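# Report on the structure
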Amino acid sequence: MRIESEKKNVCLSEALSDKHAKTEKSYDSNQELFLKKQKQHRKRVRFLRAIIILAFLALWETAAYLGWIDDFIFSSPSRLALCFINLAQGGVIWQHIRITLLETIVSFLLVVGITVLASILLWSKKSISETVEPYLVILNSLPKSALAPLLIVWLGANYRTIIVTGMSVAIFGSILSLYQGFLGVDPDRIRLIETLGGKRRHVLTKVVLPANIPNLLSIMKVDIGLFLVGVVIGEFISSRCGLGYMIIYGSQVFKLDWVILGIVILCMIAMGLYEILVLMEKWYRKKIC
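All values reported here derive from a predicted model rather than from experimental measurement. The residue numbers shown here count from 1 along each chain, following its written sequence. For this predicted model, a pLDDT threshold of at least 70 governs which residues receive local features, and a threshold of 80 or more governs which side-chain atom pairs are given and counted, while totals over whole chains, interfaces and linings are taken from all residues. Here the side-chain values reflect all heavy atoms present in the structure, with hydrogen atoms and water set aside.

## Some remarks on the overall build of the protein chain
- Here a strand is any run of E in DSSP of at least two residues, a helix any run of H or I of at least four, and the numbering for each starts at the N terminus. A count of helical and extended segments in the protein chain gives eleven helices and zero strands.
- Counting from the amino terminus, helix and strand elements in the protein chain follow one another as α-α-α-α-α-α-α-α-α-α-α.
- Any residue under 20% of the maximum accessible area for its type is buried, any over 50% is exposed, and the rest in between are partly exposed; the area is computed with a 1.4 Å probe on protein chains only. When each of the 289 residues of the protein chain is scored for burial, the buried share is 34%.
- We call two residues in contact whenever any of their non-hydrogen atoms come within 4.5 Å of each other. Considering only contacts in the protein chain between residues 6 or more positions apart, those separated by 24 or more positions represent 71%.
- Within the structure as shown, the protein chain displays about 18,700 Å² of accessible surface, and the carbon and sulfur contribution to it stands at 67%. What sets the accessible areas is the Shrake-Rupley method with a 1.4 Å probe; for residues, cover comes only from the shown protein chains.

Below, the structure is given as structure tokens:
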């Protein structure tokens, strides 16, 4: 009887082991299938994006070639390519791109630093946040394009004014958004730190800031295009170089190829900076997982 009981236990153990192995194999197979579908979906999205832009360029070129649109006013992809080559040979276009990109990046970095510091101050001192928050809302609602001429009068026609103009477009909204993210942190996690004897700075460094890094990246993804808009507005008014100057100068002398080329390059810069922030966000999410 004892031998038969041991045999039954062995058989039962083997059956359970086989069932567990089959379950793991099924789980691995489902996971591989899911990852494969996700990869195919991303490839399909990239393919559709490429098809849309290529179809648009082909339609644009065809319309200009057949005379459906006036290529002097609307230009065409071939004209823009020729214009870019001519400007690149003289080095003019690279100078405009470098100046605009540098001003945008400086504005971006300054706004990130000021946003984090201001949000920490508002979160740390409730009396300050209650006093200042209405003014931040008012400043955020001001038309920034109308402020640009005033900034030029106050600060002069220089790179500093353009950088400040770029910052003014997004800084107040960024502070408000990040501060609201600070307030939205799970109170149970804060209470846990305080229960363990942590001080206010420990709550900030261990809970509030780490929880809001994805929020900060999302804010910057939205704002990066605004920085570029602010910089271009400043270049429209006070600069003698940069893509904004190139666009406004081209419109004044009826070099509309310059205008459209400048707009296209601005779109490409905005897309490139956005993709960099997306990669940073993916890297961070992968790191904390």
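Having seen the structure, we can now continue with the description.
## Observations concerning the nonpolar core
- For this analysis, a nonpolar core means a set of buried residues of the types Ala, Val, Leu, Ile, Met, Phe, Trp, Tyr and Cys, connected via side-chain atoms within 4.5 Å. One finds Ile93, Leu243 and Leu261 to be the most contacted residues of the largest nonpolar core, which totals 50 residues.
- For this core, the secondary-structure elements that each account for two or more residues are helix H3 (77-90), helix H4 (92-124), helix H7 (159-183), helix H8 (187-195), helix H9 (200-238), helix H10 (243-252) and helix H11 (256-288).
- With eleven residues, H9 is the largest single contributor of residues to this core.
- Sequence-distant contacts of leucine 261, that is, excluding residues within four places in its chain, are made with Leu80, Cys83, Phe84, Leu87, Ile93 and Met246.

## Focus: H8
- Any pair of nitrogen or oxygen atoms within 3.5 Å is treated as a polar contact; in protein, a donor-acceptor pairing is required on top of that, and neighbouring residues in sequence qualify only through side-chain atoms on both sides. For H8, the N-terminal cap is aspartate 186; the gap from its side-chain oxygen to the backbone nitrogen of aspartate 188 is 3.1 Å.
- Where H8 terminates, the next one or two residues include glycine 197, which has phi positive at roughly 95°.

## Structural notes on the packing of H4 against H10
- Note on method: axes are straight lines fitted to C-alpha atoms, helices fitted across the in-contact stretch only, with angles between N-to-C directions ranging 0 to 180 degrees. Direction vectors running N to C along H4 and H10 enclose 125°, while the axes themselves pass 7 Å from each other. Between H4 and H10, the crossing angle belongs to the class labelled oblique. Residues Ile93, His96, Ile97 and Thr100 of H4 lie in contact with H10, whose contacting residues are Leu243, Gly244, Tyr245 and Met246. Our angle categories are set so that under 35 degrees counts as roughly parallel, over 145 as roughly antiparallel, 65 to 115 as roughly perpendicular, and the remainder as oblique.

## Observations regarding the pattern of salt bridges
- For this document, the term salt bridge refers to a Lys or Arg side-chain nitrogen within 4 Å of an Asp or Glu carboxyl oxygen. Tallied over the full model, the rule gives five salt bridges.
- Between glutamate 281 and arginine 285 there is a salt bridge, with the nearest N and O atoms lying 3.2 Å from each other. Here glutamate 281 and its partner arginine 285 are both found in helix H11, four residues apart, which amounts to about one turn of the helix.
- The exposure class assigned to glutamate 281 is buried, which follows from its relative accessible area of 10%.
- In this structure, a network of salt bridges that share partners links the residues Asp71, Arg79 and Asp257.

## Re the packing of helix H5 (residues 126-141) against H7
- For the pair H5 and H7, interaxial distance at closest approach is 9 Å and the crossing angle is 135°. By the angle between their directions, the pair H5 and H7 is classed as oblique. Classified by chirality, the crossing of H7 by H5 is left-handed. Residues Ser129, Glu133, Leu136, Val137, Leu139 and Asn140 of H5 form the contact with H7, whose own contacting residues are Phe172, Gly173, Ile175, Leu176, Tyr179 and Gln180.
- Classes in brief: Ala, Val, Leu, Ile, Met, Phe, Trp, Tyr, Cys and Pro nonpolar; Asp, Glu, Lys and Arg charged; the others, Gly included, polar. Here the contact of H5 with H7 is built from residues that sort into seven nonpolar, four polar and one charged. By convention, the crossing between two helices is left-handed when the near helix turns anticlockwise from the far helix through less than a right angle, and right-handed when the turn is clockwise.

Keep in mind that these numbers describe shape and distance, not what the molecule does.
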